[in-house]
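One letter stands for each residue in the lines below.
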Amino acid sequence: MATVVRRHRHTTNGNRRGAADGREKLKSKKLQMDSGKVMHRRKPDIPVIRPRVSDENHHVQQVSAKSLELSKVIRLLEDPLTANLKERHLFVLKKLLKRSQIGFLLKELTCIAKILDICAEKVNNHPEYVPILCEALQICRLPFLKEKTSDELHYAQDVTEFLSHMGCLMRVSDADVRQQIVESVKSFYSCVAPKQLLDGTGRVSKTKPRTFHSANRFSRLSLRLQPTSPGYRLQLLERSDLAQTLLLSMAALENQPSIKLQLLQTLQILSSSSDMNCVLMLNARGAETICLHMNEPDPSGQVLLRSSEILWNLLERGRKAEVMAQLSNVECVTSLKEAFFNQLNGCQQSDLRLVNDLLVITTLIAENPNSLLIESSFAKQLVVLVALPDVKGHNPLARNFSNEELKMKKLLLNLLVLLSKDVAALQLYKEEKVMGALLILTKPPAASSERRSGSRHWSSVQQEELQLQALATLATVAPLMLEDFMSCQGNSFLLLLLDWCIKQDAHFAHSVHGVGGRGGKKAQLQLCVRVMRSVTSSGEDSVCQSLCEQGIISQLLAILMQMEASPDDEDAVALEIKSDIQLILSVLCESDMHRKELFGSEGVEMAVHFLRKGSNKFYSGLGHNKLILSTVDCVWSCIVGCYTTEDYFLAKEGAFLLLDLLSSSPRCVHYNILATLLELCDNTNTVSHILSWRDDGGRTAPSLLLQLWRDEEEELMVSRNQHGGITDPQRPIFSLHRQDDTQLSFPTNVPSVAVLELSENLRSKIYSIFCKLGFQELPGLSTKHHVTLSIVRRYLDFKVGEVWEEINRELSLDGVRPITPDEEALSVICKIAEDTARRVTAEQNSILERQEKEDIGEEELMYTEIKSHWKQQELRAKSWENYLSKTSNYEILKEVKAQREKYIESSRPKPKHEDAAVHPTEHFIGQVVSVESTDAPGPAGVKLTLARAAIKTAGQDVDGPTTQDREYFSTVSVKD
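Residues numbered from 1 in each chain as written. Predicted model: local features only at pLDDT ≥ 70, side-chain atom pairs only at ≥ 80, totals over all residues. Heavy atoms only, no water.

Peer 1: Help me understand the overall build of the protein, please; the structure alone is not making it clear to me.
Peer 2: On a plain count of helices and strands, the protein comes out with 43 helices and six strands. When the accessible surface of the protein is totalled, it reaches about 53,100 Å², and 53% of it is carbon and sulfur. (Helix = DSSP H or I, 4+ residues; strand = E, 2+ residues; numbered from the N terminus. Areas by Shrake-Rupley, 256 points an atom, 1.4 Å probe, with all protein chains shown as cover.)

Set out below in structure tokens:
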């Protein structure tokens, strides 16, 4: 450099030509220095001659020169002969970074990563390398540069490895380096679509302005380089180990709280922007790491907030089960407990929000059955908070509780439901008197005048929210703690609340806890009935007896009919309430005759009313399917078994309604309806109702039952021929679904498949009903029905044979040989079952043959009728032709007239003697005696038999005897 200065001074004192030559030489040397090359003194009079090449070749030479320079820099840093030349290293590195101020090339990233790793190793002994690392990390904030569009794909792996090396630089203990790393990573997300970095003059726009030597050269170079696409680096970051490395580096930041906070902010950005980053962090046990470090000393008070946000991101975007598994150990639960109660004592609203966030995370941990909330005593401290009316230390000057306190109270109630799965938690509930606190919260809202002045209280909206949440909690907890529920008079609380729900007052509901509950008390009624259903379904007789003694049956019936009186309110909530009430009534009346009598005619009217609705809305999605099932169950439990209610039910056409429902409902309801009908058939009046039933198409009950039998066998894939007859006498009722079970042997205490089938399909129920109805003279059965009926009649024999055949098969599978008498007995039993099936097959064939003969006879009769019909048509046609011939041909008309006169003349009687010719004329009255048809067309085909009676004239003697008796005309044929 001194030589250059001296040469410069010499040129200023020489002539103008020498000065110009000196400036040219100085300019060339500066270009060499800017390019990073080592300068050598050369004789000025030796010209450097280079061949002229195209711009593209010149660019390739420049790029290859750069690559060559990076390899020389690495050799300079690693070579043992030059490894200690610190000043030489810093000089070259500064030149390298100065050349890369607009960004690193994609093709150079591998070498850049190697150089940064070498510098990171030297930082421990030589802090002078720290600025180099910091400046390089600042350049990393800029987008990488590409020469061709394909470079992004070609160098993707290099970029991934470079980003991983960036994370590894966190091992450098210097705070500035670590800060630059986290800020560089944050900058990746701060500007996803970076603006143009170059302004055309070689300066970096929107960044700190820098001045470069040989600006024209950098401008020409920048025209051939372009920044990578905006999301390119973020996509490759997900494939790298950067997120994992940053997470693991938290353990090294205990003495650098400011860097730790910035690192948490960076991890929050990484976890909120990508699901893959969350997965990578979880693979490094990120949830556990964050949870264990969130209670470390923090002057800023932001570490816990950032940690909770990261945990939330991992829960929402990562694998929830993985997060819960990592947070379920004792250390993490203890850390959460410490953070929760430290923040609970704060007096800021933001503190309570953070407390609620931690409580939600704790609630999610409670869903894991392996959580250690009870063992860590965290659960006990949370249960204590349930009964407290206020959170200690939070703004005691406020008149009302805040919404954050309401949210925390509801979260605690929800936590009770999740912890109730553990028996140890129920013991905690007993010790802390949780049941009493829940029942107090379910009380109807008190009037504003009843509230104590000067004390904090819940607003009406908040009180209603807590009331609904407490009822939802009771629905789960109360059946598990029935002893505490009864000792706290839980039934009385529920009945008082039920009375309040059905009262018509000016109460306006603010809560939207239950769908359809806004604007009234429907949400409270829904949850109150739900609690009653869960309590009574436990089967505890003391609970049911207490409710019945307080008149619950009549009260529930009144509520049902009151709700039915306003059909406009029929929505999902109303349907759920109705079905729950019917289920409660079923549980109360199922095993007690006195309660069935209390159900009485009012209950029968209710059941008939719901049965009349039918199953048209079964698939509406609102809950009509549940209502139908609960109605049938109510008939079965509350009506069947009590003769007074049964008779009233039959008088109200209840059996007809059940059959209507059976014919129109889906298959899933048939089992309950058939079971109800079967139980109802014990009443002698039921059979006549069933046999007299007809549907809209005229179908009878036996034909409906046989059709259900065929549908059931089709569902079970039982082998049948086209007429529904038996095809395999050895397995007459065998289902193909059980084919895989034929090679299994069951223990003695486990029912076999043949026995279990009795309760799994409808055939046993249909057979039992036919046993009540009989198998003879059933109305409305076709031949196909009779074929099926022959199988139904022998169902029990077939089932017995099937069970014995199954026993024989299991003995052979187990290698057990019965004694000779038992073996012979088994063989005879199986043979009898097969013979029975063959007899049924013969009976079916005879039924089909008889039907075939009847069909042939009907067919012959039909053909005879058709033949007669055609004969009549031919006669009518011939008569019409005769008529037309008479009217259209005069000769034929004269011939017919002459024939008619001839017939008339021949029909007159001839006198027997001459005196008869002078016989006076007598008048007579004719009377038709008989009419007979012949095959002749027209009037000629009609024969009339007439009788005449003589009428005396005025000159005749009245008293004298008549000279002629009554005379009958001979039968004549009348034509025309």
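Peer 1: Got a minute to help me understand the confidence of the model for the protein in this structure?
Peer 2: The predicted coordinates of low-pLDDT regions are not to be read in fine detail. Looking at the protein, pLDDT values average 80 and 77% of them are 70 or higher. Segment residues 1–68 is flagged for pLDDT under 50; beyond a separation of four residues in sequence, or across chains, it makes 41 contacts in the model. Long-range and interchain partners of residues 508–517, a stretch whose pLDDT sits below 50, account for 30 contacts in this model, where long-range means more than four residues apart. (pLDDT = per-residue confidence, 0-100. Contact = heavy atoms within 4.5 Å.)

Peer 1: Honestly, helix α9 (residues 175–190) in this entry has me stumped. Any pointers?
Peer 2: Owing to its 3.6 residues per turn, the α-helix aligns residues three or four sequence positions apart on the same side. Counted at 1.5 Å a residue, the expected span for α9 with its 16 residues is 22 Å, and the 22 Å between its end C-alpha atoms agrees. Buried-residue contacts for α9 involve α6 (130–139), α8 (156–168), α11 (232–239), α12 (242–248), α13 (257–273) and α14 (275–283). (Expected span 1.5 Å × (residues − 1).)

Peer 1: What is the right way to read the packing of aromatic side chains from this model?
Peer 2: Each pair of aromatic rings is reported with the distance of its centres and the angle of its planes. Under the defined criterion, the tally for this structure stands at nine aromatic pairs. Aromatic rings pair up to connect Phe340, Phe341 and Phe378 into one cluster. The ring of Trp500 carries the charged tip of Lys521 above its face, separated from the ring centre by 4.5 Å. (Phe/Tyr/Trp six-rings, centres within 6.5 Å; stacked < 30°, edge-to-face > 60°. Lys NZ or Arg CZ within 6 Å of the ring centre and 35° of its normal.)

Peer 1: Got a minute to help me understand helix α23 (residues 434–441) in this structure?
Peer 2: Of all eight residues making up α23, six are buried, and the element is well covered by its neighbours. Taken together, the buried positions of α23 are occupied by Val434, Met435, Ala437, Leu438, Leu439 and Leu441. Close packing links the buried residues of α23 with α20 (378–387), α21 (403–419), α22 (423–431), α24 (460–477), α25 (482–487) and α26 (490–502). (Buried < 20%, exposed > 50% of the residue type's maximum accessible area, 1.4 Å probe, protein only.)

Peer 1: Please clarify how the nonpolar core should be interpreted in this entry.
Peer 2: In globular proteins that are soluble, nonpolar side chains generally tend to be buried together. One finds Leu267, Leu327, Phe340, Tyr429, Ile552 and Leu585 to be the most contacted residues of the largest nonpolar core, which totals 226 residues. Per-element tally for this core: the top contributor is helix α19 (residues 349–366), with ten residues. If sequence neighbours within four positions are ignored, Tyr429 has contacts with Val383, Leu415, Leu416, Leu419, Ser420, Val434, Val477 and Met481. (Core = buried A, V, L, I, M, F, W, Y, C linked by side-chain atoms within 4.5 Å.)

Peer 1: I keep staring at the environment of Asp275 and nothing clicks. Help me out?
Peer 2: Positionally, Asp275 belongs in helix α14. For Asp275, a relative accessible area of 41% corresponds to the partly exposed category.

Peer 1: Help me understand the packing of helix α5 (residues 109–123) against α6, please; the structure alone is not making it clear to me.
Peer 2: Geometrically, a packed helix pair is captured by the angle between its two axes and the distance between the axes. Contact pair α5 / α6: the axes reach a minimum separation of 9 Å and the direction vectors enclose 145°. Crossing of α5 over α6 shows left-handed handedness. Between α5 and α6, the residues in contact are Leu116, Cys119, Ala120 and Val123 and Val130, Ile132, Leu133 and Ala136, respectively. Here the residues of the contact of α5 with α6 are counted per class, giving eight nonpolar, no polar and no charged. (Axes fitted to C-alpha atoms, helices over the stretch in contact; angles between N-to-C directions. Left-handed = near helix turned anticlockwise from the far one by under 90°. Nonpolar A, V, L, I, M, F, W, Y, C, P; charged D, E, K, R; others polar.)

Peer 1: Would you take a moment to explain the pattern of salt bridges for this structure?
Peer 2: Between side chains of opposite charge, a pair can form when the charged atoms approach closely. Counted according to the given criterion, the structure contains 35 salt bridges. Ionic pairing is found between Lys320 and Glu367, a salt bridge with its closest N-O pair at 3.6 Å. Taken together, the residues Lys320 in helix α17 (residues 320–327) and Glu367 in the loop between α19 and α20 connect sequence positions 47 residues apart. According to the relative accessible area criterion, Glu367 is partly exposed, its value standing at 39%. In this structure, the salt-bridge partner of Lys578 is Glu564, at a minimum N-O distance of 2.5 Å. Residue Lys578 is found in helix α30 (residues 572–589), and its partner Glu564 is found in helix α29 (residues 552–564); the two are separated by 14 residues along the sequence. Judged by its relative accessible area of 3%, Lys578 is buried. Taken together, the salt bridges that share partners define one network made up of Glu713, Arg720, Glu757, Arg763, Lys799 and Glu802. (Salt bridge = Lys/Arg side-chain N within 4 Å of Asp/Glu carboxyl O.)

Peer 1: Before we go on, may I ask you to explain the packing of α9 against α13 in this structure?
Peer 2: Between α9 and α13, whose axes approach to 10 Å, the crossing angle comes to 25°. In terms of orientation, α9 lies roughly parallel with respect to α13. Considering the relative orientation of α9 and α13, their crossing is left-handed. Contacts from Ala175, Arg178, Gln179, Val182, Glu183, Val185, Lys186 and Tyr189 of α9 reach α13 at Ile259, Gln262, Leu263, Gln265, Thr266, Ile269, Leu270 and Ser273. Class assignment of the residues belonging to the contact of α9 with α13 gives a composition of eight nonpolar, five polar and three charged. (Parallel < 35°, antiparallel > 145°, perpendicular 65-115°, else oblique.)

Peer 1: Just checking my understanding: could you explain the environment of Leu116 for this structure?
Peer 2: The residue Leu116 is located in helix α5 in this model. Separated by 53 residues in sequence, Leu116 and Leu169 place their C-alpha atoms 8.2 Å apart. Leu116 has contacts with Leu133, Ala136, Phe162 and Leu169, leaving out every residue within four places of it along the chain.

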